[in-house]
Amino acid sequence: MAEPVGKPARPERLLLHVCCGPCSTAPLRTLKERGIMPALHFSNSNIAPREEYALRRDTARSYAEAAGAAFVEDAYAPDDWTDAVSAVPEEARISSDGTTAPAERCRACYRMRFRRSAAYAREHGFDAVGTTLSVSPYQYQDIICEELEAACAEVGVQPFFEDYSPLYPETVTLSKEAGLYRQDYCGCAPSKAEADRGREERAEARRRIREERAAAQEEEARKAEARKAERAAYDAKRTRQRALKDALRNQSASEGEAS
């Protein structure tokens, strides 16, 4: 695991930005084992719709309470998030194929959330800010680190970045054991659309595979039936030939006896 960026290496008071309950599990465990008990800051105005936001917040809060960690909810400001992402220049938001470039959208998203966590840390006497976002192998580790450092530098608190991605399998296990709600998309509306599209594409691919397999099985069955019919025709022909030979043989025998 990467060492924290900046100092203090072991903060006295760490504010840990958390994106959801499952992603909190293994990072919180490893921090507690090192004698660091962070307060968890739920600043995630990117999550849509509101019902999904509430579900993830409540899951994160319940896990924090069970683990004995303080939990702080930031104001839910989805309009501010939309403004922050929309502020990314068009040429940076759109990739060469005309679709949204996720990396730049995510950078703007990280920036807004980390700035809010850093501001809260400054106002409430925390000396460092970290995040559990790095636990996901689907996130941009370098951009997370850059934006966390930048947000902390703006208000004079220390960044405490750690690459928690090696702990991802453990978060899956721990969250399942704890019965936590596990979301199936990153959080924002664009990511949900992308996840839905990906699921549809995978479902379509599976459908095509099933159809191709069924067609192959049908073709094999047709060939087997054709071979069976061919064999039956051959056997019938052989039977007729033997019957004809037997008839000729019997006729010859009868003619011989008559003579």
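Structure: see above.
The structure contained in this document is the topic of the report that follows. (Residues numbered from 1 in each chain as written. Predicted model: local features only at pLDDT ≥ 70, side-chain atom pairs only at ≥ 80, totals over all residues. Heavy atoms only, no water.)

## Quick notes on the overall build of the protein
Threshold: Only DSSP runs of H or I with at least four residues qualify as helices, and only runs of E with at least two residues qualify as strands; both kinds are numbered from the N terminus onward. Relative accessible area decides the class of each residue, using a 1.4 Å probe on protein chains only: under 20% of the type maximum gives buried, over 50% gives exposed, and in between gives partly exposed. Note on contacts: a residue pair qualifies if any of its non-hydrogen atoms lie within 4.5 Å across the two residues. What sets the accessible areas is the Shrake-Rupley method with a 1.4 Å probe; for residues, cover comes only from the shown protein chains.
Scanning the protein from N- to C-terminus turns up eight helices and five strands. The N-to-C order of helical and strand elements in the protein reads β-α-β-α-β-α-α-α-β-α-β-α-α. The burial tally for the protein puts 37% of its 259 residues in the buried class. Counted over contacts in the protein with a minimum sequence separation of 6, partners at least 24 positions apart contribute 76%. For the protein, the accessible area works out to roughly 14,600 Å², and carbon and sulfur atoms hold 51% of it.

## Things to note about the nonpolar core
Counted only if it meets this: Note on terminology: a nonpolar core comprises buried Ala, Val, Leu, Ile, Met, Phe, Trp, Tyr and Cys residues joined through side-chain atoms within 4.5 Å.
Leu31, Leu40, Phe42, Tyr110, Phe114 and Phe160 are the most contacted members of the largest nonpolar core, which totals 45 residues. Mapped by element, the contributors of at least two residues to this core are strand 1 (14-17), helix 1 (21-33), strand 2 (39-42), helix 2 (50-67), helix 5 (102-123), strand 4 (128-131) and helix 6 (141-155). Counting residues per element, this core draws most heavily on helix 6, at six residues. Counting seven residues, the second largest nonpolar core, distinct from the first, contains Trp81, Val85, Ala108 and Cys109.

## Remarks on the pairing of strand 4
Inclusion rule: Two strands pair under a simple rule: DSSP has to find at least two bridges between them. The crossover handedness rule: strands pointing away from the viewer, path from first strand over the helix to second strand clockwise, crossover right-handed.
Both faces of strand 4 are covered, namely the face carrying Ala128 and Gly130 and the face carrying Val129 and Thr131. Examined bridge by bridge, strand 1 and strand 4 share four bridges and lie parallel to one another. The partner of Leu15 across the bridge, within strand 4, is Val129. For strand 4 and strand 5 (residues 158-159), the ladder comprises two bridges, and the chain directions are parallel. Across the sheet, residue Ala128 finds its bridge partner in strand 5, namely Gln158. In this region the chain leaves strand 4, passes through helix 6 and returns to the parallel neighbour strand 5; the handedness of that crossover is right-handed.

## Details of the pattern of salt bridges
For the record, the criterion: Salt bridges, as used here, are contacts in which a Lys or Arg side-chain nitrogen is within 4 Å of a carboxyl oxygen on Asp or Glu.
Enumeration over the complete set of coordinates arrives at 19 salt bridges. A salt bridge links Arg115 to Glu154, with the shortest nitrogen-to-oxygen separation between them at 3.1 Å. Of the two residues, Arg115 sits in helix 5 while Glu154 sits in helix 6, which places them 39 residues apart along the sequence. Using a relative accessible area of 41% as the deciding quantity, one classes Arg115 as partly exposed. Counted as one network, the salt bridges with shared partners bring together Glu104, Arg107, Arg111, Glu146 and Glu147.

## Here we look at the packing of helix 1 against helix 2
Rules: Axis definition: a line fit to C-alpha positions, over the contact stretch in the case of helices; interaxial angles, taken between N-to-C directions, run 0 to 180 degrees. Between 65 and 115 degrees an angle is taken as roughly perpendicular, under 35 as roughly parallel, over 145 as roughly antiparallel, and anywhere else as oblique. Two helices cross in a left-handed way if the nearer one is turned anticlockwise from the farther one by less than a right angle. They cross in a right-handed way if the turn is clockwise. Classes in brief: Ala, Val, Leu, Ile, Met, Phe, Trp, Tyr, Cys and Pro nonpolar; Asp, Glu, Lys and Arg charged; the others, Gly included, polar.
Following both chains from N to C, one finds helix 1 and helix 2 inclined at 25°, their axes separated by 9 Å at the closest point. With respect to helix 2, the element helix 1 is oriented roughly parallel. Remark: the crossing between helix 1 and helix 2 carries right-handed chirality. Contacts between helix 1 and helix 2 pair Gly21, Pro22, Ser24, Thr25, Leu28 and Lys32 from the former with Arg56, Thr59, Ala60, Tyr63 and Ala67 from the latter. Class assignment for the residues of the contact of helix 1 with helix 2 results in five nonpolar, four polar and two charged.

## Focus: the pairing of strand 1
Side chains on a regular strand alternate between the two faces of the sheet. The two faces of strand 1 match: Leu14 and Leu16 on one face and Leu15 and His17 on the other face are all buried. Where strand 1 meets strand 2, three bridges bridge the pair, whose relative direction is parallel. In the strand pairing of strand 2, Leu15 is matched with Ala39. Between the parallel pair strand 1 and strand 2, the chain is carried across by helix 1, and the sense of this crossover is right-handed.

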